[in-house]
Amino acid sequence: MKVQTTLIKDTIDLYQGDTLVKSVPFTFNASKCLQDVQHLRAEMIANKAADDMEGVGRVFWELLRIVFGDAALDELRDWYGGDFLTALNDLAPILTGVVYPTVDRLTDNIVQARKRVKA
């Protein structure tokens, strides 16, 4: 049996040039945070469509808090020193390549399970 977990444990490795300066560990539970991630993802898209970059930044940091947790977000905030554009550029691949696909897969599984129950 193949089990795909919705629990992601990883680190964000922060480099200066080729030198690893810090590794920030995080644990993301997609099952627990599913609705929050979906809501914030939609809000970020709406803010971007409305050209509200301040809103995009605010929602982006809230999304990071949910995904990475308060301790990791504090370390990231210190590392980036308020440079939200660089943080967005550096961290977006984690959201688009790991977090969003996990949330999407989980959502699809929930929809399919509800369809089977109704049938």
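See the structure shown above.
Worth saying up front: this structure is predicted, and the values here are computed from it rather than measured. (Residues numbered from 1 in each chain as written. Predicted model: local features only at pLDDT ≥ 70, side-chain atom pairs only at ≥ 80, totals over all residues. Heavy atoms only, no water.)

Chemist: Explain the side chain of Asn47 here, please?
Modeler: Along the chain, Asn47 turns up in helix α1 (residues 30-49). With relative accessibility at 12%, the residue Asn47 sits in the buried group. In this structure, Asn47 is in contact with Asp52, Gly55, Val56, Arg58 and Val59, ignoring residues within four places of it in sequence. (Helix = DSSP H or I, 4+ residues; strand = E, 2+ residues; numbered from the N terminus. Buried < 20%, exposed > 50% of the residue type's maximum accessible area, 1.4 Å probe, protein only. Contact = heavy atoms within 4.5 Å.)

Chemist: Just checking my understanding: could you explain the packing of aromatic side chains for this structure?
Modeler: Each aromatic ring pair is described using two quantities: the centre-to-centre distance and the angle formed by the ring planes. Under the counting rule described, the total for this entry stands at 2 aromatic pairs. Ring geometry for Phe26 and Phe68: centres 4.7 Å apart, planes at 75 degrees, overall edge-to-face. Placement of the pair is Phe26 in strand β2 (residues 19-29) and Phe68 in helix α2 (residues 53-68), with a sequence separation of 42 residues. One exposure class covers both Phe26 and Phe68, and it is buried. With a centroid separation of 6.0 Å and an interplanar angle of 70 degrees, the aromatic rings of Phe60 and Trp61 are classed as edge-to-face. Since its relative accessible area comes to 2%, Phe60 is described here as buried. Residue classification places Trp61 among the buried positions, given a relative accessible area of 9%. Its end group placed over the ring of Tyr100, Arg41 keeps NZ or CZ at 4.0 Å from the ring centre. (Phe/Tyr/Trp six-rings, centres within 6.5 Å; stacked < 30°, edge-to-face > 60°. Lys NZ or Arg CZ within 6 Å of the ring centre and 35° of its normal.)

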